[in-house]
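Here is how the chains run, residue by residue.
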Amino acid sequence: MSQPADSIRTLLDADELAGIARRLGSEIRRDYPDGVVLVALLKGSICFLADLVRELPGPCELDFLALSAYGDGRTRVRVVKDLDLEVAGRDVVVVLDIVDTGLTLSYLLRLIALRGAASAVACALLDRQSRRLLPVDICYVGKVIADEHVIGYGLDLDERYRNLGEVQVADEADLRGEPTAMFERLSRR
Ligand code: IMP
Ligand code: MG
């Protein structure tokens, strides 16, 4: 049986996303008046980062890092695209789309500490605490969410749906189905 249209829900609409970027941007600006390096994790954080930096009119530098999971249960992580900036002695805020098991974030914070950063904390749009495997501290959190896969605003399912304007939830079998029809249903919300 096909899923009813209401298997699609918007978790964060454009106004709520803008509100989160504004709130977290002003918290970061308050905490780092003399400047900060934002290290964004590719690719899921791109939309969030774009909104967040424009709420941070103070001194700020940007860099990007891409990781890839591998091994049994994909519980090991390696660097696919490394930082360009030298972060030694700098205050760093890592920007992520979502913290799930915490493996990615703890790897990132360890890596940045090894590079000699003066400090490193995390800023995540979404926090799915129920699936945590490693305890991690997230300094700036957009929203805590339940245990369901989310898409849109940079977040994907198998590389699709990053270009949706809002954060949405939908039946995973539907999402893996015919992409054009599903995309139409999603963007109609
Ligand atoms: P962690 O290492 O398990 O915390 O996973 C974090 C990464 O998994 C995120 O940076 C996302 O790229 C990806 N991820 C986890 N949950 C979701 C989701 O619901 N939608 C899209 N990507 C997700
Ligand atoms: Mg992904």
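Residues numbered from 1 in each chain as written. Chains lettered and ligands numbered in written order. Predicted model: local features only at pLDDT ≥ 70, side-chain atom pairs only at ≥ 80, totals over all residues. Heavy atoms only, no water.

A. Main features of the pairing of strand β3 (residues 60-70). Bridge count for strand β2 (residues 36-42) against β3 is 7 bridges, and the pairing is parallel. Among the inter-strand pairings, Val36 is bridged to a residue of β3, identified as Cys60. Here β3 pairs with strand β4 (residues 76-81) via 5 bridges, running antiparallel. Bridging across to β4, Ser68 finds its partner in Arg78. What sits between β3 and β4 in their antiparallel hairpin is a turn of 5 residues, with Gly71 showing a positive phi close to 85 degrees. (Pairing = 2+ DSSP bridges. Helix = DSSP H or I, 4+ residues; strand = E, 2+ residues; numbered from the N terminus.)

B. Region of interest: the packing of aromatic side chains. All told, the structure shown has 1 aromatic pair when counted by the stated rule. Arranged with centres 6.3 Å apart and planes meeting at 5 degrees, the rings of Tyr161 and Phe183 form a pair that is stacked. Here Tyr161 is found in the loop between β7 (140-144) and β8 (167-169), whereas its partner Phe183 is found in helix α5 (residues 179-187), with 22 residues between them in sequence. According to the relative accessible area criterion, Tyr161 is buried, its value standing at 3%. You can call Phe183 partly exposed: its relative accessible area is 25%. (Phe/Tyr/Trp six-rings, centres within 6.5 Å; stacked < 30°, edge-to-face > 60°. Buried < 20%, exposed > 50% of the residue type's maximum accessible area, 1.4 Å probe, protein only.)

C. Quick peek at the site of ligand 1. Taken together, the neighbourhood of ligand 1 is formed by 14 residues, with Asp97, Thr101, Thr104, Arg128 and Val150 sitting nearest. Take Thr101: an N or O atom from its side chain is 2.5 Å from an oxygen atom of ligand 1. Relative to its free-state accessible area of 500 Å², ligand 1 is covered by the protein chains to the extent of 81%. Structurally, ligand 1 is housed in the largest pocket. Residue assignment for the shell around ligand 1 shows that the elements contributing at least two residues are β5 (91-99) and α3 (103-114). For the shell around ligand 1, the element with the most residues is β5, which contributes 3 residues. Broken down by class, the residue content of the shell around ligand 1 amounts to 6 nonpolar, 4 polar and 4 charged. (Near = heavy atom within 4 Å. Polar contact = N/O pair within 3.5 Å; in protein donor to acceptor, adjacent residues only side chain to side chain. Areas by Shrake-Rupley, 256 points an atom, 1.4 Å probe, with all protein chains shown as cover. 1 Å grid on protein atoms, 1.4 Å probe; cavity = no way out; pocket = protein on both sides within 12 Å on 5 of 7 lines; lining within 4 Å. Sits in = over half its atoms within 2 Å of the grid points. Nonpolar A, V, L, I, M, F, W, Y, C, P; charged D, E, K, R; others polar.)

D. Focus on the nonpolar core. Counting 27 residues, the largest nonpolar core has Ile28, Phe48, Leu125, Leu126, Val150 and Val167 as the members making the most contacts within it. Listed by contribution, the elements that provide at least two residues to this core are β1 (9-12), α1 (14-31), β2, α2 (46-53), β5, β6 (119-127) and β8. The greatest single-element share of this core, amounting to 4 residues, is contributed by α1. Val39, Leu65, Leu83 and Leu111 belong to the second-largest nonpolar core, a separate cluster that totals 21 residues. (Core = buried A, V, L, I, M, F, W, Y, C linked by side-chain atoms within 4.5 Å.)

E. The state of the cysteines, seen in detail. Scanning all chains against the criterion turns up 0 disulfides. Cysteine Cys139 remains unbridged, with the sulfur of Cys123 as its closest cysteine sulfur at 8.8 Å. The partly exposed category is assigned to Cys139, whose relative accessible area is 41%. (Disulfide = S-S within 2.5 Å.)

F. Local environment of α3. Between its first and last C-alpha atoms α3 spans 17 Å; for 12 residues at 1.5 Å apiece the expected length is 16 Å, and the two agree. Along α3, the residues classified as buried are Leu103, Leu105, Ser106, Tyr107, Leu108, Leu111 and Ile112. Buried residues along α3 sit in contact with β2, β3, β4, β5 and β6. Backbone geometry just after α3 places Gly116 at a positive phi near 85 degrees. (Expected span 1.5 Å × (residues − 1). Contact = heavy atoms within 4.5 Å.)

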